[in-house]
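Remarks on the overall topology
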Amino acid sequence: MAASDTVTRVLFEDFTPSSVRLFYVIGYTAIALFAYGVYLQVRKYRRGAPAGISPGLLPRFRSMVATVLSHRTLARRDKQAGAAHRLIFYGFVLLFLGTATITVDYDIVGPLFGTHFWHGEFYLWFSLVLDVAGVLLAGGLLYMMYRRGWLKPPKLDYARPDRAPGDPDYDRSGYRREDWAFLWTLLTIVATGYVLEALRLVWLSDRPDVWDTRWWSPVGAALAQGMRAAGMTAASGGDWRGDLWWFHGMLALLFIALIPFTKVKHIFTAMGSLMFRDPQAAQRLPRVPAQQTHAGAQFITDFTWKQLLSLDACTKCGRCHEACPARAVGAPLSPRDVILSLREFANRTLGAAQLPATLELDVHGKGPGQVAMETLWSCRSCMACVEVCPVAIEHVPIIVQMRRKLVEEGQMDPQLRKTLQTIHKTGNSFGESRRKRAAWTKQLPFAVKDARKERVDVLWFVGDYASFDPRNQKVSAGFATLLRDAGVDFGILYDGESNAGNDVRRVGEEGLYEVLAEANVGALSAASFNSIVTTDPHSYNTIRNEYPDFGGRYAIQHYTTLLLELLQQGRLALARKLGLRVTFHDPCHLGRFNRGYEAPREILRLLGCELIEMGRCRSNSFCCGAGGGRIWIPDPVGADKPAQNRMREAAAIEALQVFVVSCPKDLTMFEDALKTSGNEGKFVVRELIELVREALAQPQSTPAAPIAPAAA
Amino acid sequence: MKLLVAVKQVAALDEDFEIRADGKDVQAEFLMRDLNEWDDFSLEEAMRIKEAATSPVELVVVCVGPEAADEALRKCMAKGADRAIRVWDAAIEGSDSMAIAQLIAAVARREQPALLFAGAQSSDHAFASTGIATAALLDWPHAAVLTELSYSPGARSARFRRELEGGLLHEMEIDCPAVLTIQLGINTPRYASLRAIKQAAAKPIEVLSLADLSLPVSAVGASGSLSRVRRMYIPEKGRAQMIEGSVEEQAARLVQIIREATGGAA
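Residues numbered from 1 in each chain as written. Chains lettered and ligands numbered in written order. Predicted model: local features only at pLDDT ≥ 70, side-chain atom pairs only at ≥ 80, totals over all residues.

Some words on the overall build of chain A
For clarity, the cut-off: To qualify as a helix, a DSSP run of H or I must reach at least 4 residues; to qualify as a strand, a run of E must reach at least 2; elements of each kind are numbered from the N terminus. Our contact criterion uses C-beta atoms placed from the backbone: two residues qualify when those atoms are within 7 Å.
A tally of regular secondary structure across chain A gives 28 helices and nine strands. Across chain A, the fraction of contacts at a sequence separation of at least 24, relative to all contacts at a separation of at least 6, is 81%.

Okay, structure coming up:
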């Protein structure tokens, strides 16, 4: 196959000058429509609040490009969809670059400098690459059609858990139609492109430089062979091509013009959302802006432009819908639907030429596009949705900011209201007297140092549950004993400690959170210590990630890393291997929030336990249901609970003996759920501290909480 | 149009408290202070009238107490009270509910409200008398332990319901100005967010002395009170013992116990 140096693709061959002009007019119109659409979207985003994006645009850009090119976030937990999208993405990008190359040659370099590069060997490779790109794109599109039409994964079902059938907002069939229109349009553009290529080859089959190099466009060439075999002449090929050329061209231009008005805009909005993501979105919630006169997000304009932009990035992939523990137990919440509702609301209000009156901007309620309080209160702020979102939508801060408004108006469960008042009054959620916070230490045979009065190496921030809950007090006593046995110089704040506020903040009671954070930062500042250890992942998260905003910067670790160090240094000597078959539950605030996945697993290995992972582990760990203040809100009677759902998952592990937790709330939630899910006797729930204690103990001594043998 | 709500900062016992040396009260350090629970409901009831009103209604809260009571008043302002008055003078220390009523009545004369609200009782001393005594001093009609209220600002009377024994409901009408004491559960009190409480901290609280109310020192304190605390104490725990043995033995033991308890008179 000799590559003639003159070979290129005909563009406007045999077109009358007026046809060419018409094409350009339509082309510029499409671009103008695209530009206008972009303007409309940008105007919509600019109606949001300032975002306060941290600096470093270049690193942000680099990280976004790396994420987009690798499809890292898209392939997570759905390899097939990731692979198919990768085909569509690279196919589309190559075809776009190809078209851009022609434009550069024909409309820019040619007219300006009189030179052309789009011919000869370069053209032939160009043809080959684009033909392959078309195959990639079509392959990806066909898989997506197969997925939507036949596989029908539940996460792509747009039925809403927060609306009843018949509700004007329930029907999301518009999205379904758009999905199919998108797939068919792109597929049609690809298919007509190939047919067009084949018709051109048939038409110009008498030109050797075209026909002899036809296999550089393998798909077109194969089709052309078939057309000729079917008896198509060069002349009829040319005729057909004329009509199809306009159809293909118009469809492609229409596609471009519609990008900003349809789901196709995710090409840009997803990149924007990824670029301006907050890597600590759920870990460190935003403070209430000083200039804001009302609390939290009440109006659509209270959201930042970045949040509004990310609403448009959602492609309804359903990963958050699938991961959400509230949705899994039938609560009226799907993170996806919160995002889509707000997007529809923003389009209707902020998308209008004139910004509507403030009253019409209220996003709370049961009307179209509004979010109901039942939905907002269902959230456990476990971060499962934020973690898995491939386009960096940050649902948790959006939900918490909306809850702040509900709290301000007292629209919350009476039990929660009472708990918040109790925490304000006593500094703890148990309503106990402050002076009783350290009462659990009285059961110890040694005194625990008062870190307010003497210098300690390690300050132990105990937290509410570990201080006041009788079951957890035993674990606290165990941990204190471990520290003493290891010779750690440690102390606690006694009644100087208040509820750390992590969950109060996630409830949306920002004012109370500020009071608690300031009180604890004050107490910690007055104490003298080198580092903090905490047995409570919730306290760990807020002290580590949020107290710096309140002037409290401390070296802090969760107890799992400290225990691992003590075990590895031999300061705690294991007396025996436990030989238990266990599974480990990653607490949201230790795992997903702060990436503390390894230390507890390493400890279990040192203890000689056989760790069998549950399907949902590490970053995909399934919330116990207590987060976001839900531990203070009664679950609906009779309804399934996330903790029960988790117990069923664990019960599926054959011969499981111990369900290991490393969070006081987990211990409470799962010991309860073990019974209510009907799995009592099959395995037991234990704190990791209890297992360490048992491995240290001599076999004949009685551990604090003996492990029941697994039922056969 | 004005509504006046009298509130009290009550004391709740901490665990393991101790009695004061003079034996007349609990040591202050063992007391936790908070707004009286009944007052949450009476304030809410007044707030509802204010919010449903078409013409402006001023809601004033009044509290007799030292500076620490400002916290209770701030909570009321956080919930929406327009103005707060605190009455205090060193001489007021040790006043009973009758003396406190003198002070509240004096404030009511100054403010001239259409309705004066009070809690049916306070959770610490539970005399259930301050509101009623105030009505007597003002010579206004009063109604106690309301469970439902309907009043439109400017109306000459208010209608209300009270629960009586045996499941009876008492529906009545009362002429204004009147004193109403409110029962728990009449409504659902709103939540005062910390943000609102902090904002209320910036609002002024008017502090009135005896002189401001033109009351003599003798009207309050021990001299103005009709009752005096003799002592406050924790009663000895009752003792119980099982009497065992045969019927005769049990009877003999019982007689012995009765003799011991009555000093051998029986």
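Back to the text.
Quick look at the interface of chain B and chain A
Applicable threshold: Residue polarity is assigned by list, with Asp, Glu, Lys and Arg as charged and Ala, Val, Leu, Ile, Met, Phe, Trp, Tyr, Cys and Pro as nonpolar; anything else, Gly included, falls into the polar class.
The partner chain A presents 14 residues to the ten residues of chain B that form the contact. Those elements that provide at least two residues to the side of chain B that touches chain A are β3 (31-35) and α5 (194-200) of chain B. Element by element, the count of residues in the side of chain B that touches chain A is highest for α5 of chain B, at three residues. For the side of chain B that touches chain A, the per-class residue count stands at three nonpolar, one polar and six charged.

Some details on the sheet that holds strand β2 (residues 458-461) of chain A
Residue and element names in this part refer to chain A. We apply this condition: Whether two strands pair depends on DSSP finding at least two bridges between them. All axes here are fitted lines through C-alpha atoms, helices being fitted over the stretch that makes contact, and every angle between N-to-C directions spans 0 to 180 degrees.
Pairing is parallel across the open sheet formed by five strands, whose spatial order is β1-β3-β2-β4-β5. On the outer flanks of this sheet lie β1 (449-450) and β5 (556-558), each paired with one strand and no other. Helix-sheet contacts for helix α24 (residues 559-568) involve β4 (531-534) and β5, and the interaxial angle to β5 is about 85°.

Topic: the environment of Leu146 of chain B
Residue and element names in this part refer to chain B. Counting through the fold element by element, Leu146 comes out in strand β7 (residues 142-150). Along the chain, Leu146 and Leu180 lie 34 residues apart, while their C-alpha atoms are 7.2 Å from each other. When near neighbours in sequence (up to four residues on either side) are disregarded, Leu146 contacts Phe160, Arg162, Leu180, Thr181, Ile182, Gln183 and Ile186.

Digging into unusual backbone geometry
Put simply, the test is: Counting other C-beta atoms within 10 Å of its own, a residue is labelled buried from 20 upward, exposed at 12 or fewer, and partly exposed in the gap between, with every C-beta atom placed from the backbone.
The omega torsion of the bond from Cys176 of chain B to Pro177 of chain B falls at -5°, within 30 degrees of zero and hence cis. Tracing the backbone through its elements, the reader meets Pro177 of chain B in the loop between β9 (169-175) and β10 (178-182). The phi torsion at Lys316 of chain A lies on the positive side, around 60°, for a residue other than glycine. Its location among the elements puts Lys316 of chain A in the loop between α11 (305-313) and α12 (319-323). Accessibility expressed as a C-beta count within 10 Å gives 21 for Lys316 of chain A, which makes it buried. Phi is positive for Ser381 of chain A, which is not a glycine, with a value near 45°. Residue placement: Ser381 of chain A occurs in the loop between α15 (373-377) and α16 (384-388). Given 29 C-beta atoms within 10 Å, Ser381 of chain A falls into the buried group.

Quick look at helix α27 (residues 664-676) of chain A
Residues and elements named next belong to chain A. Put simply, the rule reads: Working rule for helices: expected span equals 1.5 Å times residues minus one.
Taking 1.5 Å of rise per residue, the 13 residues of α27 would be expected to cover 18 Å, and the 19 Å separating its terminal C-alpha atoms lies within 8% of that figure. By the burial criterion, the buried members of α27 are Pro664, Lys665, Asp666, Leu667, Thr668, Met669, Phe670, Ala673 and Leu674. The first or second residue beyond α27 is Gly678, which carries a positive phi of 75°.

Describing the domain arrangement of chain A
The line we're drawing: Boundary definitions for the domains trace back to an automatic or database domain assignment.
One can read the domain layout of chain A as domain 1 (17-46 + 77-261), domain 2 (414-565) and domain 3 (570-696). Summarising the inter-unit geometry, the C-alpha centres of domain 1 of chain A and domain 2 of chain A are found 60 Å apart.

Digging into the confidence of the model for chain B
Do not read the fine detail of predicted coordinates wherever pLDDT is low. Residue and element names in this part refer to chain B. Convention followed: The predictor reports its confidence for every residue as pLDDT, a score running from 0 up to 100.
Here chain B averages 93 in pLDDT, and 99% of its residues register 70 or above. Taken element by element, the predicted model of chain B shows its lowest mean pLDDT in β3 (89) and its highest in strand β4 (residues 58-64) (98). In the predicted assembly, ipTM is 0.81 and pTM is 0.91.

Side note on the nonpolar core
Put simply, the rule reads: Nonpolar cores are built from buried Ala, Val, Leu, Ile, Met, Phe, Trp, Tyr and Cys residues. These are joined into a set through C-beta atoms within 7 Å.
By size, the foremost hydrophobic cluster in this structure holds 145 residues, and its most contacted members are Leu563, Ile603, Phe659, Val660, Phe670 and Val692 of chain A. Filtering out sequence-adjacent residues up to four positions away, Phe670 of chain A remains in contact with Cys624, Ala643, Met647, Phe659, Val661 and Val685 of chain A. Counting 67 residues, the second-largest nonpolar core is a separate cluster that includes Val7, Trp38, Leu103 and Ala143 of chain B.

Considering the pairing of strand β8 (residues 157-163) of chain B
Residues and elements named next belong to chain B. As paired elements, β7 and β8 share four bridges and run antiparallel to each other. Bridge assignment links Ser150 to a residue of β8, and that residue is Arg159. From the end of β7 to the start of β8, which pair antiparallel, there are six residues, and Gly154 there has a positive phi angle of about 95°. Sheet topology places β8 next to β9; seven bridges connect them, and they run antiparallel. Looking across to β9, one finds that Glu163 is bridged to Leu169. Hairpin connection between β8 and β9: a loop of five residues separates the two successive antiparallel strands, and Gly166 in this loop has a positive phi of roughly 75°.

Re the packing of helix α2 (residues 57-70) of chain A against helix α10 (residues 266-275) of chain A
Two quantities define a packed helix pair, namely the angle between the helix axes and the distance between the axes. Residue and element names in this part refer to chain A. Condition: We call two directions roughly parallel when the angle between them is under 35 degrees, roughly antiparallel when it is over 145, roughly perpendicular when it lies between 65 and 115, and oblique otherwise. Crossings are assigned a handedness: left-handed for a near helix turned anticlockwise from the far helix by less than a right angle, right-handed for a clockwise turn.
Across the interface, α2 lies against α10 with an axial gap of 8 Å and an inter-helix angle of 130°. On the basis of the axis angle, α2 is oblique to α10. Regarding α2 and α10, the two cross each other, and that crossing is right-handed. Along the contact surface, α2 presents Arg60, Phe61, Met64, Thr67 and Val68, while α10 presents Met271, Leu274 and Met275.

Comments concerning the sheet that holds strand β11 (residues 206-208) of chain B
Residue and element names in this part refer to chain B. In space, the nine strands of this open sheet follow the order β9-β8-β7-β10-β6-β1-β4-β5-β11, with mixed pairing throughout. Only two strands of the sheet have a single neighbouring strand rather than two, namely β9 and β11. This sheet shows a mean twist of 35° between the axes of neighbouring strands, independent of strand direction. As judged from the five bridges shared by strand β6 (residues 115-119) and β10, these two strands associate in the parallel manner. Looking across to β10, one finds that Ala118 is bridged to Thr181. Along the sheet face, helix α1 (residues 37-52) touches β1 (2-7), β4, β6, β7 and β10 and points at about 170° away from the line of β1.

Looking at helix α18 (residues 414-426) of chain A
Condition: Throughout, the arc means that of the directions going from the helix axis to the C-beta atoms.
End to end, α18 of chain A covers 18 Å across 13 residues, agreeing with the expected 18 Å (1.5 Å per residue, within 8%). For α18 of chain A, every residue scored as buried is listed here: Leu416, Arg417, Thr419, Leu420, Ile423 and His424 of chain A. For α18 of chain A, the angular spread of the buried residues around the axis is 165°, confining them to a single face. Residues of α18 of chain A that are exposed and angled more than 90 degrees away from the buried face: Pro414 and Gln415 of chain A. For α18 of chain A, the secondary structure elements touched by its buried residues are α21 (502-507) and α22 (510-526) of chain A together with α5 of chain B. Downstream of α18 of chain A by a residue or two, Gly427 of chain A has a phi angle that is positive, lying close to 80°.

A short note on the packing of helix α1 (residues 17-46) of chain A against α11 of chain A
Residues and elements named next belong to chain A. Contact geometry for α1 and α11: axes closest at 8 Å, N-to-C directions at 135°. In this view, α1 runs oblique relative to α11, as classed from their interaxial angle. Contact with α1, carried on its side by Gln41, Lys44, Tyr45 and Arg46, involves Trp305, Leu308, Leu309 and Asp312 of α11 and no other residues of that element. For the contact of α1 with α11, a count of residues per class yields four nonpolar, one polar and three charged.

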